[in-house]
Amino acid sequence: MALPLSSFDPTYRIYLALAQYPLLRRRIRTRMRQEMFDRGIITPAAMEELVRQQAVNSQIREGMQDVVGEETEDDWKLRVDQVREHLTDLHFANNLPFKVFDDILRQVLAERGAESEDLQRTFNPELAPQEALFEQAKMIARLPLKERAKHEAREREIKVVLIRSTISDQLAYINIAKEWFTLDDLLAIRHHKIGKGKIGGKAAGMLLALRILQRVAEKDIAQNVTIPESYFLGADVMYAFMAHNNMIHWADQKYKDEDQIRDEYATIQKEYAAGSFPEDIQAELAEMLDKVGNSPIIVRSSSLLEDNFGSSFAGKYDSVFCPNQGTQQENLQALMQAIAAVYASGLNPDALLYRRANGLQDYDERLAVLMQVVQGEAYGRYYFPHLAGVAFSRNLFRWSPKIKRDSGFVRLVTGLGTHAVEQIGNDYPRLVALSHPELRANANIKSLVAYSQHKMDVVDLDDNQFKTLPVGDVLDAGYPHLRLLASVYKDGDLRPIRTRLGGQSGELVVTLDGAITATPLAERMGRALKYLEQHYKSPVDMEFTVQLRPEKDGKTDIKMFILQCRPQSHLQEEAVELPERLPPESVVFATSRMAPHGRVGGVRYVLFAPPEGYYSLPSVEARRELARAIGRLNKLMETESFICVGPGRWGTASPDLGISVSYADIYNTDALVELSGEGVGPEPEPSYGTHFFQDLIESRIFPLAVHLDDDDASFNRAFFYDTPNRLKTWAPELAEWQNTLRVISVDDFARGQVIELIMDSEAGRSLAFLKPEDE
């Protein structure tokens, strides 16, 4: 008997499900027919007459002349049974939703019981539908302990198969997750999942971190940690969206030339924005919106590779806020637009070139989507969390020898956490070393004020928009948590807010001092990170929000919401030793600014953007074009060892503060060196902890800062300014940038020599010097 070929055919879905239960198929199909009889879809007599007609027709197709005499009674009965089974599946699938079949299957399985030896023998978890896996797992869980022990291996197998098919197929993740997730956890995921496919890495890490902390941490952590209300759009929906909108031709984008990837991305964004979703997905998204009401939502990527061991994809894909304050149809349309934008970001040049550089190009990187209610509360017209940030269990860059590397650190802001994970203009988060929470990276009051958070990200409920606003436009004297978030700057001094501002005059400065000293946040975060690192068997980083709760015993309590958790990108430790004596002319540069730890040898070229040339460019657009020129050289020099040196902050979103490259512009370099000082450019606040910083660490690109006004800093001007510029040799088409971008060959300055870069975090010193290439 011919079977439907399409795996999306509902008849075929029923056939596959029943194939797992050969001993129960007759009972299940009997219930299916009775359901159709009870609903008036077909009468028993009509069904049997149809069965007889189809059976006779099948005899004729097989060439029988005498349909009665040429077949034995047993063969005829077998033929009728087979036709009845097929027609049962066909009519049921064409007239009733698959959920009704699920209900019948569940009922029959429950009646049969997990102790059935026949069921145990015929049930293959690797091939079974997820519904069948969940049902048998629940039956095993209901057994008395003594009976349940007999099925322990089967229960474990089912759990692993469900983790692999529902959450992630990455073995490093499965090896940890199988020890922590319960079947109830997996059922909860299923009840919040829309569409087919896995829920992806970001969702996987968030759920695992929550389970670990709730299981092993002390009560003050376990009872005060949770996740936002979350829903998961399965990874297979991405392909359904592409097929529905005739966009499968973009699936090979990752194999195209870098220039083509860049050139076509704007077209991809436009096509995805114009796309629509299949009706069944739209219906489920609308149902989700009914559940969350008018709470703001964030739509986040959760790809199959994201937040994985060795490849975090930090910031590679878009996240989109949906204020969710419109009509039901407006909110649904905005949600679908946000999902489409996330899908399109999967093909952005940064993401595709990151995959190519990290050997992940050939993996089928589908994007699941994580949809979360934004944790926070409204103050006036604005909605935002009290605190948000990203925490790291290892502090890779210590700004004081007192700081313990293995105690971790936090980037902390008030408002939405986008300000904590990105380099946003002349705006800065609070950096918290968890071993010494009150020890600031900036020593003087003027710097504390300058390098503070001046703007905050919020959802404007009245305008139905995500906005970045000056802190003073959002927080005022009436804000109940103001004393924990801000201080008053007056007469060259920073003073805590003892009461509501009232008579206190001065400039409001976000210091977050109260959040650090008057709440258990720092101490509790330190312990949580240690538990996660211990059980992940790897350093971790975690994005979070914090709800400040009413004071208890004179101290404000907190509730922490985990947004994501992943293995922390970190440099492989290696033994390094700074040379004791060097002739001054062999030093290229030296700095004592928060050194990483490692070594880069055999550097033959330096890409140098002279500060005076960069800041003389006439427009922001010209500075962005220079960043693209650097990206062009990055591609041309992929087989060479080179470092980049330039003014201000590399990777900033604001070209006034430094060179606004993306990862795709610099992924072949070995180091990024930031210059600052009088007449050179603003001193950049450390960017470690941002998504861009994590890209550098993962790719073993060392970030360094040289403040030329420091007494112990060195900068060999002869090397950087007097050596011939090889820009035209490498890229004649970039000749117009001759005065603002220099390609320096080390061999031109010192024949037969290369640059050795040594960074010693213990000594707090980094040194780039010349040495013979053949050493």
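This part takes up the overall build of the protein. Along the backbone of the protein there are 31 helices and 28 strands. Taking all 775 residues of the protein together, 57% fall into the buried category. Of the contacts formed within the protein by residues at least 6 apart in sequence, a portion of 74% connects residues at least 24 apart. Accessible area of the protein: about 33000 Å², with a carbon and sulfur share of 49%.

The next thing to look at is helix α24 (residues 521-536). With 16 residues, α24 extends 22 Å from end C-alpha to end C-alpha; this agrees with the ideal 22 Å at 1.5 Å per step. Within α24, 13 of the 16 residues are buried, leaving the element largely enclosed by the surrounding structure. In the stretch just after α24, K537 is the one whose phi turns positive, near 60 degrees.

On to the sheet that holds strand β28 (residues 765-772). The strands making up a sheet are joined through hydrogen bonds of the backbone, oriented either antiparallel or parallel. Taken in spatial order, the five strands make up an open sheet running β20-β27-β28-β19-β25, and their pairing is antiparallel. The open sheet terminates on both sides in strands that have one partner only, identified here as β20 (598-603) and β25 (714-715). Two elements, strand β19 (residues 587-591) and β28, share four bridges in a ladder whose sense is antiparallel. Across the sheet, residue F589 finds its bridge partner in β28, namely A768.

Right, let's talk about the pattern of salt bridges for a bit. All chains considered together, the criterion is met by 50 salt bridges. Between D541 and R566 there is a salt bridge, and its shortest N-O distance comes to 3.1 Å. One end of the pair, D541, is in strand β17 (residues 540-552); the other, R566, is in strand β18 (residues 555-567), with 25 residues separating them in the sequence. Salt-bridge contacts for R623 lead to D656; the nearest nitrogen and oxygen are separated by 2.9 Å. Taken together, the residues R623 in helix α26 (residues 620-636) and D656 in the loop between β22 (642-647) and α27 (663-666) connect sequence positions 33 residues apart. Exposure remark for D656: the relative accessible area of 45% places this residue in the partly exposed category. Taken together, the shared-partner salt bridges connect E218, D220, E523, R524, R527 and D557 into one network.

All right, on to the packing of helix α2 (residues 25-38) against helix α4 (residues 73-95) then. α4 packs onto α2 with a crossing angle of 50 degrees between their chain directions and a minimal axis gap of 10 Å. The angle between α2 and α4 falls in the class oblique. Crossing hand, α2 versus α4: left-handed. In this structure, α2 contributes R26, R29, M32, R33, E35 and M36 to the contact, and α4 contributes D81, R84, E85, T88, D89, H91 and F92.

Glancing now at the sheet that holds strand β15 (residues 493-496). Strands sit in the order β15-β14-β16 across an open sheet of three strands; the sheet is antiparallel. What marks the edges here is a single partner per strand, and that holds for β15 and β16 (507-510). On average, each strand axis in the sheet is tilted by 40 degrees relative to the strand beside it, whichever way the strands run. Across four bridges, strand β14 (residues 486-490) lies against β15 in antiparallel orientation. Pairing of Y489 across the sheet is with L494, part of β15.

Turning our attention to the pairing of strand β9 (residues 387-392). The side chains of a regular strand alternate between the sheet's two faces. Buried residues dominate β9, accounting for six of its six residues. Residue alternation in β9 divides its side chains into two sets, L387, G389 and A391 and A388, V390 and F392, and both sets are buried. Judged from the five bridges that link them, β9 and strand β10 (residues 409-413) form a sheet pairing that is antiparallel. Bridge assignment links V390 to a residue of β10, and that residue is R411.

Let's shift gears to a negative patch on the surface. On the surface, E279, D280, E284, E287 and D290 cluster together into a negatively charged patch. Within the secondary structure, E279 is located in helix α16 (residues 279-292). Judged by relative accessible area, which is 71%, E279 ranks as exposed.

With 82 residues, the main nonpolar core has L208, F384, L387, L475, M525 and I562 as its most contacted residues. Considering every element that reaches this core, the biggest residue donor is helix α12 (residues 201-216), with nine residues. Discounting chain neighbours no more than four positions away, the residues touching F384 are Q375, G376, E377, Y379, G415, L416, M456, D457, V458, V474, L475 and Y479.

Okay, the packing of aromatic side chains next. Note on aromatic pairs: each is described by the distance of the centres and the angle between the planes. Counted under the stated rule, the structure contains 20 aromatic pairs. In this structure an aromatic cluster arises from ring pairing among F608, F715, F719, F720, Y721 and F749. Its end group placed over the ring of Y614, R623 keeps NZ or CZ at 5.3 Å from the ring centre.

This part takes up the confidence of the model for the protein. Per-chain confidence: the protein averages 86 in pLDDT, with 90% of residues scoring 70 or above. Throughout residues 1-8 the model reports pLDDT below 50, and contacts reaching past four residues in sequence, or to other chains, amount to 12 contacts. Note that residues 114-119 has pLDDT below 50 and, in this model, 14 contacts with residues that lie over four places away or in other chains.

Bridging between strand β12 (residues 455-460) and strand β13 (residues 465-470) involves six bridges; their strand directions are antiparallel. Bridge pairing in β13 links V458 to K467.

Quick look at the packing of α16 against helix α17 (residues 328-345) now. Between α16 and α17, the least distance of the axes is 10 Å, while the angle of their chain directions is 115 degrees. Crossing hand, α16 versus α17: right-handed. Together, Q282, L285, A286, M288, L289 and D290 of α16 and Q328, N331, L332, L335, M336 and I339 of α17 make up the contact between the two elements. Residues of the contact of α16 with α17, tallied by class, amount to eight nonpolar, three polar and one charged.

In this model, N246 sits at a positive phi of 55 degrees, which is unusual for a non-glycine residue. By secondary structure assignment, the location of N246 is in the loop between α14 (236-244) and α15 (258-273). In the Ramachandran plot, N324 falls in the positive-phi region, its phi being about 70 degrees despite a non-glycine side chain. Mapped onto the elements of the fold, N324 is located in the loop between β5 (319-322) and α17. Overall, N324 belongs to the buried group, its relative accessible area being 4%.

Once that is clear, we can look at α4. With 23 residues, α4 should cover 33 Å at 1.5 Å per step; its first-to-last C-alpha distance of 32 Å lies within 8% of that length. Here α4 has its buried residues at R79, V80, D81, V83, R84, L87, T88, D89, F92 and A93.

Attention now moves to the environment of D102. Along the chain, D102 falls in helix α5 (residues 98-112). Between the C-alpha atoms of D102 and A132, which are 30 residues apart in sequence, the distance is 8.8 Å.

In this structure, Q333 sits in helix α17. For Q333, a relative accessible area of 37% translates into the label partly exposed. As for Q333 and L285, which are separated by 48 residues in sequence, their C-alpha atoms are 10.0 Å apart.

Relative to the helices and strands, G417 is located in the loop between β10 and α19 (418-421). In this structure the C-alpha to C-alpha distance between G417 and M456, which are 39 residues apart in sequence, comes to 8.9 Å.

What counts as what
Residues numbered from 1 in each chain as written. Predicted model: local features only at pLDDT ≥ 70, side-chain atom pairs only at ≥ 80, totals over all residues. Heavy atoms only, no water. Helix = DSSP H or I, 4+ residues; strand = E, 2+ residues; numbered from the N terminus. Buried < 20%, exposed > 50% of the residue type's maximum accessible area, 1.4 Å probe, protein only. Contact = heavy atoms within 4.5 Å. Areas by Shrake-Rupley, 256 points an atom, 1.4 Å probe, with all protein chains shown as cover. Expected span 1.5 Å × (residues − 1). Pairing = 2+ DSSP bridges. Salt bridge = Lys/Arg side-chain N within 4 Å of Asp/Glu carboxyl O. Axes fitted to C-alpha atoms, helices over the stretch in contact; angles between N-to-C directions. Parallel < 35°, antiparallel > 145°, perpendicular 65-115°, else oblique. Left-handed = near helix turned anticlockwise from the far one by under 90°. Patch = residues over 30% accessible without salt bridge, like charges linked within 9 Å, V, L, I, M, F, W, Y side chains within 5 Å. Lys, Arg positive; Asp, Glu negative; His and termini not counted. Charge placed at Lys NZ, Arg CZ, Asp CG, Glu CD. Core = buried A, V, L, I, M, F, W, Y, C linked by side-chain atoms within 4.5 Å. Phe/Tyr/Trp six-rings, centres within 6.5 Å; stacked < 30°, edge-to-face > 60°. Lys NZ or Arg CZ within 6 Å of the ring centre and 35° of its normal. pLDDT = per-residue confidence, 0-100. Nonpolar A, V, L, I, M, F, W, Y, C, P; charged D, E, K, R; others polar.

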